[in-house]
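Structure assessment
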Amino acid sequence: MDITGGAAKPDAAVVRDALGVGVAVGLSGFAFGVTSAGSGLGLLQTCALSLLVFTGASQFALVGALAAGGNPYTAAAGAFFLGVRNAFYGLRLSQLLAVPRAVRPLAAQWVIDETTAVTLAQPTRRAARIGFTVTGLTLYVLWNLTTLLGALGARAIGDTRAWGLDAAGPAVFLALLAPMLTTATERAVAGLAVLLGLGLLPVLPAGVPVLVAALAAPLALVVSGRRAGRGPQDAPEEAEAR
Amino acid sequence: MNTWIAIGLTVLGCYAVKLAGLLVPAHVVERPLVRRLAALLPVALLAALTAQQTFAQGHALVLDARAAGLGAAAVALVLRAPFLVVVAAAVVVTAGVRALGG
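What you see as residue numbers is a count from 1 along each chain, following the sequence as written. Naming scheme: in the order in which they are written, chains are lettered from A and ligands are numbered from 1. Note on the predicted model: pLDDT of at least 70 is required for a residue's local features to be given, and 80 or more for side-chain atom pairs to be given and counted; whole-chain, interface and lining totals, by contrast, use all residues.

Considering unusual backbone geometry
To keep things clear, this is the line we draw: Numbering goes from the N terminus for both helices and strands, where a helix is a DSSP run of H or I of at least four residues and a strand is a run of E of at least two. Buried, partly exposed and exposed are defined by the number of other C-beta atoms within 10 Å of a residue's own C-beta, namely 20 or more, between the two limits, and 12 or fewer respectively, with C-beta atoms placed from the backbone.
One non-glycine residue, Phe54(A), lies in the positive phi region at around 45°. Turning to its location among the elements, Phe54(A) is positioned in the loop between helix H3 (43-53) and helix H4 (56-67). By the C-beta count within 10 Å, which is 26 here, Phe54(A) ends up buried. We note that Arg80(B) has phi near 60°; this positive angle belongs to a residue other than glycine. By the secondary structure assignment, Arg80(B) is in the loop between helix H4 (65-78) and helix H5 (83-99). Exposure remark for Arg80(B): the 9 C-beta atoms within 10 Å place this residue in the exposed category.

Side note on the environment of Arg187(A)
All names here are of chain A. Considering the arrangement of structural elements, one finds Arg187 in helix H11 (residues 184-199). For Arg187, a count of 14 C-beta atoms within 10 Å translates into the label partly exposed. Spatially, the C-alpha atoms of Arg187 and Arg85 are 18 Å apart, while their sequence positions differ by 102 residues.

Thoughts on the UniProt feature "transmembrane region" (unreviewed entry) in chain B
Note the cut-off: UniProt positions are given in the numbering used here, feature names are shortened, and annotations may be inferred rather than shown by experiment.
Taking the UniProt record as the reference, the feature "transmembrane region" (unreviewed entry) is found at residues 6-25, 37-55 and 67-97 of chain B. Secondary structure content for residues 37-55 of chain B is 100% helix and 0% strand, and the end C-alpha separation is 27 Å.

Description of the nonpolar core
For clarity, the threshold we go by: Note on terminology: a nonpolar core is a set of buried residues of type Ala, Val, Leu, Ile, Met, Phe, Trp, Tyr or Cys, with members joined through C-beta atoms within 7 Å. What marks off one domain from the next here is an automatic or database domain assignment. Whether two residues are in contact is decided by their C-beta atoms, placed from the backbone, lying within 7 Å.
Residues Ala171(A), Ala193(A), Ala44(B), Ala48(B) and Ala90(B) are the most contacted members of the largest nonpolar core, which totals 114 residues. No other element matches the 13 residues that helix H3 (residues 32-55) of chain B contributes to this core. When residues are assigned to domains, this core turns out to be shared by domain 1 (11-180) and domain 2 (182-242) of chain A, each giving three or more. Apart from residues no more than four positions distant in its own chain, Ala90(B) is found in contact with Ala167(A), Ala168(A), Ala171(A), Gly69(B), Leu70(B), Ala72(B) and Ala73(B).

Brief notes about the domain arrangement of chain A
All names here are of chain A. Counted only if it meets this: Residues were grouped as follows: Ala, Val, Leu, Ile, Met, Phe, Trp, Tyr, Cys and Pro as nonpolar; Asp, Glu, Lys and Arg as charged; and all remaining residues, including Gly, as polar.
According to the domain assignment, chain A consists of domain 1 (11-180) and domain 2 (182-242). Inter-centroid distance (C-alpha atoms) of domain 1 to domain 2 is 24 Å. Listed as interface residues are 16 residues of domain 1 and, on the opposing side, eleven residues of domain 2. Counting only elements with at least two residues in the side of domain 1 that touches domain 2, the list comes to helix H5 (72-83) and helix H8 (113-120). With five residues, H5 is the single largest residue contributor to the side of domain 1 that touches domain 2. Of the residues in the side of domain 1 that touches domain 2, the class split is nine nonpolar, six polar and one charged.

A closer look at the interface of chain A and chain B
Taken together, the contact pairs 87 residues of chain A with 65 residues of chain B. Per-element accounting of the side of chain A that touches chain B gives the leading share, ten residues, to helix H10 (residues 168-177) of chain A. A per-class count over the side of chain A that touches chain B returns 66 nonpolar, 16 polar and five charged.

Regarding the confidence of the model for chain B
Applicable threshold: Per residue, pLDDT captures the predictor's confidence, and it can take any value from 0 to 100.
Summary statistics for chain B give a mean pLDDT of 91 and a share of 98% for residues scoring 70 or more. The ipTM for the predicted assembly is 0.90, set against a pTM of 0.80.

Focus: H3(B)
Side chains of residues three or four places apart in an α-helix project in the same direction, reflecting 3.6 residues per turn. Spelled out, the test is: To estimate how far a helix should reach, multiply one less than its number of residues by 1.5 Å.
The end-to-end C-alpha separation of H3(B) is 35 Å, in line with the 34 Å expected for 24 residues at 1.5 Å each. The element H3(B) is extensively covered by neighbouring structure, given that 19 of its 24 residues are classed as buried.

A look at H10(A)
Buried residues dominate H10(A), accounting for ten of its ten residues. Summarising the contacts, the buried residues of H10(A) are in contact with helix H2 (29-38), H4 and H11 of chain A together with H3, H4 and H5 of chain B.

A closer look at the packing of H10(A) against H5(B)
Note the following rule: Geometry is summarised by axes, namely lines fitted to C-alpha atoms with helices restricted to the contacting stretch, and by angles between N-to-C directions that run from 0 to 180 degrees. Each crossing is labelled by how the near helix is turned from the far one, with a counterclockwise turn of less than a right angle marking it left-handed and a clockwise turn marking it right-handed.
Interaxial distance between H10(A) and H5(B) falls to 9 Å at its minimum, and their mutual angle equals 145°. As for how H10(A) packs across H5(B), the hand of that crossing is right-handed. Where H10(A) abuts H5(B), its residues Ala168(A), Ala171(A), Val172(A) and Ala175(A) lie against Phe83(B), Val86(B), Val87(B), Ala90(B) and Val91(B). Residue composition of the contact of H10(A) with H5(B), grouped by class: nine nonpolar, no polar and no charged.

Observations concerning the confidence of the model for chain A
Residues and elements named next belong to chain A. Within chain A, residue pLDDT values average 87, and 91% of them lie at 70 or more. Low pLDDT, under 50, characterises residues 1-5; the stretch is placed with six contacts to residues that sit more than four places away or in other chains. Across residues 231-242 the pLDDT falls below 50, and counting only partners more than four positions away or on other chains, this stretch makes 28 contacts in the model.

Shown next as structure tokens:
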């Protein structure tokens, strides 16, 4: 992508795009706060997760695994593997944004699905930098604020199950998953992972079935590589996560 | 204490991979096979987590109001509803089915 020669986009338009994503997703921190408190985590623990982990899928996965009685290591491992995709976002963003070395440790905390999506959609480096900063800042502030409100609200409303709030976690996962199911390979991996995750649930300790289900990914690469009669590295590029 | 251990490990791990992406020279990680694996790993994890958090009750598999809620979320996704609407649909339908005794 030519990031410097593209047509200029008004700063206000970039800010508007970024605010749209930042506000919508930032507000869903409420669902995380409620889910986390409902899973038995304290107020401080819930807020620490949003402030310091700041990658929604990993946070939901961690509190879900802890609520299911998983040990801290398998719970953290599941959350970590979900976070690995952020490293690949960072690779693209560092080229696009040309982040100064000294700022990188700070910018790193905002390298997530939403900031990457907004930044990659911008035509120029200036627009990319504005998009990344505005999305990151809006999301970080709102996500943490709504996490706090959600955790406080969960205490006030008592039984979160009666309000259907235990369905928020899986709905978030499904919403993140849906746009990734672009080719037959992705759908096969998802199907196999569901079978492994549910099938092993009764027989393995909590948290472990999800980690075993993750093996569906390398397995699919091996199978698709064999079927194509060449290396799996020749698999189509468009299927790659954004 | 166990919860804090899990939080601490997740904080360190998640921050480390974010920072690594910005610091590591692209050619080290940008091998096609590694990229494909990184794209498929979240697919497998999210699918397994969605299924478990919908159908698991401890170590048992159950079909309850959450399944209806997830169905509503799926419909909202097909209709290209915004993220918040998808989550709200799941919550509202799950609560509704439970209120009706589901």
